[in-house]
Amino acid sequence: MEMDISQYKDLFITEAQEHLDALNKFLLQLENDPNNLDVVTEIFRSAHTLKGMSATMGYDQLTELAHEMENLLEHLRTGDVPVTTNVVDTLFSCFDTLGAIINAIAEDRPEQIDFSGLVGEIRAVTEEPAVEQPAPEEPIVVEAEVAEPQAPVQRATEPEATKAELTEPQAAEQRVTEPPAIKAEPAQQQAAVPALAEPVASSELEVDEADMRRYSATPGMRIMRLTVELDRECLLKSVRVFMVFKKLAQLGDVLGSMPPVEALEDEKFESTFQVAVATPETGQRVEKALLAIAEIASVKTDVLHEPALEARPSGAAGADGATDKAAAGLSAARRTQSVRVNIARLDTLMNLVGELVINRTRLAQIAQGSNIPDLREALDQTSRLTAELQDEVMKTRMVPVEHVFNRFPRMVRDLARAEGKEIDFVVEGKEIELDRTILDEISDPLIHMIRNAVDHGIATPEKRVKQGKPARGTVKLSAYRDRNYVAIEVYDDGEGVEPARVFDRALSKGLIGEDERRSLTDDDVLRVLCMPGFSTSDQVSGVSGRGVGMDAVKSKAEALGGFVLLAFEPGLGTTVTLKLPLTLAIVQALMVEVSGETYAVPLGTVRETHVISPEDIKTVQSHEAIFLRDETIPLLRLDRLLECSHLLNGAEQFPVVITEIGPRLIALGVHSLIGQQEIVISTLDKFLKRVEGFAGATILGTGRVALILDIPSLM
Amino acid sequence: MAPSVLIVDDALFMRMMIKDILSKDGFEIVGEAENGVEAVKKYAELHPDLVTMDIVMPEMDGIEAVRNIIKIDPGARVLMCSAMGQQPLVVEALEAGAKDFIIKPFQPAKVVEAVRKALHGDGG
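Residues numbered from 1 in each chain as written. Chains lettered and ligands numbered in written order. Predicted model: local features only at pLDDT ≥ 70, side-chain atom pairs only at ≥ 80, totals over all residues.

Caption draft 1: Summary view of the overall build of chain B. Counting its regular elements, chain B contains five helices and five strands. Expressed as a percentage of its 124 residues, the buried residues of chain B come to 64%. Expressed as a percentage of contacts within chain B between residues at least 6 apart in sequence, the contacts between residues at least 24 apart total 61%. (Helix = DSSP H or I, 4+ residues; strand = E, 2+ residues; numbered from the N terminus. Buried ≥ 20, exposed ≤ 12 C-beta atoms within 10 Å, placed from the backbone. Contact = placed C-beta atoms within 7 Å.)

Rendered as structure tokens:
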């Protein structure tokens, strides 16, 4: 039976990445709490699973590295190697290399990654304590254990400790010299063991004469010699031998074996061995019992002594219970709980739902013209079902932000170490969910935001102490729901932003002119920071300050239908917030009409609507604005902005939509309000991407196209 | 009726693979569990004809799970899935009542053989 292994590759990659994330997470924990053995166990387990998976896929490099790691981890687990900075660093390097190999596999790059240096490092840190402490070398320890006759009992009472020792392959091999398997067997078999140690001259196993006499005298006993052949590819021969002995001990008394037990335990035989047994069972039954063990290729029976009397019927239980049990156990609970679905399928599903929503809207519009109650009712039902369907499809696409957040603790740690800073990294709201597509896209912007916080935000411990702050800085990454948006916030209790420095820098870089520099206020800081080519760092560090950070963050946020906010307190800290829509495909929008055209305003940005009269409009610094309660809100007349053919005359009342992006408000003057509706967003084609002011388009129920206003770009 | 199998492994990838191998050979996969605790719970609920059991798992390891399953059903057929270098653990599992074992990396033919033997062979 051949199997195409490649079909499992994607699954393998996904799961291997998850393990890698877990490994990084746990190692960070361990670094902060080096005595936490539970964490070591977690790391060990992940590494072990990764090794098993890799071996199954035939990824030798991964298997080998994971195996080396496992050795080191084993020593950490038993405590004979302490968790030092060196050890942690080495393990981090291992994880990075594992990551590189996994990526190479993912991208079908065949080249081998040379990690021989790393293996040397692993072995070096593993050896370290042996040099420091004049403790006995390992083989001696093992021998001491072997000499201990109660070893199997010990194993039973201290399963944890022994298991830990034994998983280490080398130790395990050495331990095979101790015959735990056989010793653990019933007493009568143990009694038989010493006889086996005698040299056997003949090529066939002979049964000791005393045994022959004794068992021949027992009524109903057969003495037989079994020639057992293992599969050529059998991997744990000693364990198979153990199983054979165990089975035979259930059927009768084992009288001896060839080669002797010690040799069998050491796997010092090819594939065949002989065992003598005294049993009331027939040869056929013994054969059958042994063949039921996996990897037993054949069993040949030579009966050396037939019983004088007919064998009693065996008391051993048959295997016939299985069928009854199967019938009894059948229940409705037989089902699988989850399936993995390709994201492309979910995209298609979402598109179809989108089409359905458009058609439903169209139907609703047709129905408005008619007066058929049944049609109305059916439509209402359809609407409800479509909404539910859409909701469910959306939910299937939602993934907790944890998937992206998990990688950052490691990154912050590395950055902080590289820059000699001390940072507590706090993560909140990991469980908040976002559309998978959006989540995949925000990883890079978040890296920029966090790097900025560490690089430009948090100062060195010395400087912080001088400023009267604790030496350890805090960087907080949090996610939370905010109406139709998910907010992802990066806060640092560092330097804050000094607007004057920001503006001066922009000036010196020629991004703004002298005149503009004078008119800038604190509200303009974000805009300036986000100018392409801006960087506040005086030195370009290895990781950020290359003048791409905030610019990239802003454009990514906007491409996703979201926006960026900045809050700061000079000397006290900075918060950068990324606000993202829950989903890309379908949003609630307020439909407005301007000069006969319909436009959509995403509802997430709408605070309220008003109808205003010309006298409500004031002019502030040559810009129109309206006063609402105690706020002054800039007014943007869409008809003028869009250069429509029909403009409102100065005397008419008109509706305004108050939109809100963070602290900034803007009043959009429109001709009329149409109403709230769900829209399916179609992105603009590449050649239209650069058109400012529009986030996309949507198809209306009438079949006409309406443009979706991009509120952040109008601010 | 096709023999029912419960697959226990903390790696989804491994579960998928065992599942594919066995379902191609006509076994019915009635459940999956990703740790020992879940395995024992599912066993009690599903009473499958056979369990494939990973050894190193979170929450409760495979050996402990075998002990608990045998407590529920002394006739339970559990097939251990072990990595290389775990001889002592395999022995411990067999002593705990596991019927047999297979070694990763899996060869489909061997898996099927071991499963068949565990199901149809003389349980002793």
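There is more to say, and it comes next.
Caption draft 2: Representation of the sheet that holds strand β14 (residues 606–612) of chain A in the model. Residues and elements named next belong to chain A. Taken in spatial order, the six strands line up as β14-β18-β19-β17-β16-β15 in an open sheet, and their pairing is mixed. In this open sheet, the two strands that pair with only one neighbour each are β14 and β15 (617–620). The average angle at which neighbouring strand axes cross in this sheet is 40°, direction not considered. (Pairing = 2+ DSSP bridges. Axes fitted to C-alpha atoms, helices over the stretch in contact; angles between N-to-C directions.)

Caption draft 3: View of the packing of helix α13 (residues 237–251) of chain A against helix α4 (residues 87–96) of chain B. Packing of α13(A) against α4(B) brings their axes to within 10 Å, and their N-to-C directions diverge by 20°. Considered as vectors, α13(A) and α4(B) are oriented roughly parallel to each other. In this structure, α13(A) crosses over α4(B), and the sense of that crossing is right-handed. On α4(B), the residues that touch Ser238(A), Val239(A), Phe242(A) and Met243(A) of α13(A) are Gln87(B), Val90(B), Val91(B) and Leu94(B). (Parallel < 35°, antiparallel > 145°, perpendicular 65-115°, else oblique. Left-handed = near helix turned anticlockwise from the far one by under 90°.)

Caption draft 4: Looking closely at the environment of Glu569(A). All names here are of chain A. Position of Glu 569 among the secondary structure elements: in strand β10 (residues 563–569). In this structure Glu 569 comes out as exposed when scored by C-beta crowding, with 11 C-beta atoms within 10 Å. For the pair formed by Glu 569 and Gly 494, sequence separation is 75 residues and the distance between their alpha carbons is 9.4 Å.

Caption draft 5: Geometry of the environment of Leu76(A). Residue and element names in this part refer to chain A. Note that Leu 76 resides in helix α3 (residues 60–78). Along the chain, Leu 76 and Pro 34 lie 42 residues apart, while their C-alpha atoms are 9.9 Å from each other. Setting aside residues no more than four positions away along its own chain, Leu 76 makes contact with Val 40, Val 81, Val 83 and Val 87.

Caption draft 6: The arrangement of helix α3 (residues 62–72) of chain B in detail. All names here are of chain B. Among the residues of α3, those classed as buried are Gly 62, Ile 63, Ala 65, Val 66 and Ile 69. Angularly, the buried residues of α3 cover 155° about the axis, an arc narrow enough to put them on a single face. The inward-facing, buried residues of α3 abut β1 (4–8), α2 (36–46), β3 (50–54), β4 (78–82) and α4. (Arc of directions from axis to C-beta.)

Caption draft 7: Highlighting the packing of helix α17 (residues 343–369) of chain A against helix α18 (residues 373–397) of chain A. Residue and element names in this part refer to chain A. Between α17 and α18, whose axes approach to 10 Å, the crossing angle comes to 160°. One way to sum up the angle between α17 and α18 is to call them roughly antiparallel. Between α17 and α18 lies a crossing whose hand is left-handed. Seen from α17, the contacting residues are Leu 346, Leu 349, Met 350, Val 353, Leu 356, Val 357, Arg 360, Leu 363, Ala 364 and Ala 367; seen from α18, they are Leu 375, Arg 376, Leu 379, Thr 382, Ser 383, Thr 386, Leu 389, Gln 390, Val 393, Thr 396 and Arg 397. Partitioned by chemical class, the residues of the contact of α17 with α18 number 13 nonpolar, five polar and three charged. (Nonpolar A, V, L, I, M, F, W, Y, C, P; charged D, E, K, R; others polar.)

Caption draft 8: Structural view of the sheet that holds strand β3 (residues 272–279) of chain A. Residues and elements named next belong to chain A. In spatial order, the strands read β2-β3-β1-β4; together these four strands make up an open sheet with antiparallel pairing. Each having just a single partner strand, β2 (253–258) and β4 (296–305) make up the two edges of the open sheet. Recorded for the sheet is a direction-independent mean angle of 25° between the axes of neighbouring strands. Summarising the sheet, strand β1 (residues 222–230) and β4 pair through eight bridges and their orientation is antiparallel. In the strand pairing of β4, Leu 230 is matched with Ile 296. Running at roughly 15° to β3, α13 makes contact with β1, β2, β3 and β4 of the sheet. Strand contacts of helix α15 (residues 283–291): β1, β3 and β4, with the helix running at about 155° to β4, the strand carrying the most contacts.

Caption draft 9: Just the confidence of the model for chain B, in detail. Chain-level pLDDT for chain B is 87 on average; 96% of the residues reach the 70-or-more range. Across the interfaces of the predicted complex, the ipTM metric reaches 0.73, alongside a pTM of 0.49. (pLDDT = per-residue confidence, 0-100.)

Caption draft 10: Summary view of the pairing of strand β16 (residues 623–628) of chain A. Residues and elements named next belong to chain A. Inspection of the sheet shows β15 paired to β16 by four bridges, in the antiparallel sense. Bridge pairing links Val 620 to His 623 in β16. Adjacent in sequence and paired antiparallel, β15 and β16 are bridged by two residues, among which Gln 621 carries a positive phi angle near 45°. Here β16 pairs with strand β17 (residues 631–637) via four bridges, running antiparallel. For Ala 625, the partnering residue across the bridge sits in β17 and is Pro 634. Linkage of β16 to β17, two consecutive antiparallel strands, is achieved through a turn of two residues, within which Arg 629 is found at a positive phi near 50°.

Caption draft 11: A look at the pairing of β1(B). Residues and elements named next belong to chain B. Within β1, five of the five residues are buried, which leaves the element mostly enclosed by the surrounding structure. Every second residue of β1 is oriented toward a common face, with Ser 4, Leu 6 and Val 8 on one face and Val 5 and Ile 7 on the other, all of them buried. By the bridge criterion, five bridges tie β1 to strand β2 (residues 28–33) in an arrangement that is parallel. Considered in β2, the bridge of Ser 4 is made with Glu 28. Each parallel crossover has a hand, and the one from β1 via helix α1 (residues 12–24) to β2 is right-handed. (Right-handed = clockwise from strand over helix to strand, strands pointing away.)

Caption draft 12: Representation of unusual backbone geometry. All names here are of chain A. The peptide bond linking Met 258 to Pro 259 adopts the cis configuration, its omega dihedral lying at -5°. Tracing the backbone shows Pro 259 in the loop between β2 and α14 (261–265). Not every positive phi belongs to a glycine, and Ser 595 is a case in point at roughly 50°. Residue position: Ser 595 is located in the loop between β12 (586–594) and β13 (597–602). With 15 C-beta atoms packed within 10 Å, Ser 595 lands in the partly exposed category. Within the chain, Ser 622 stands out as a residue other than glycine whose phi angle is a positive 65°.

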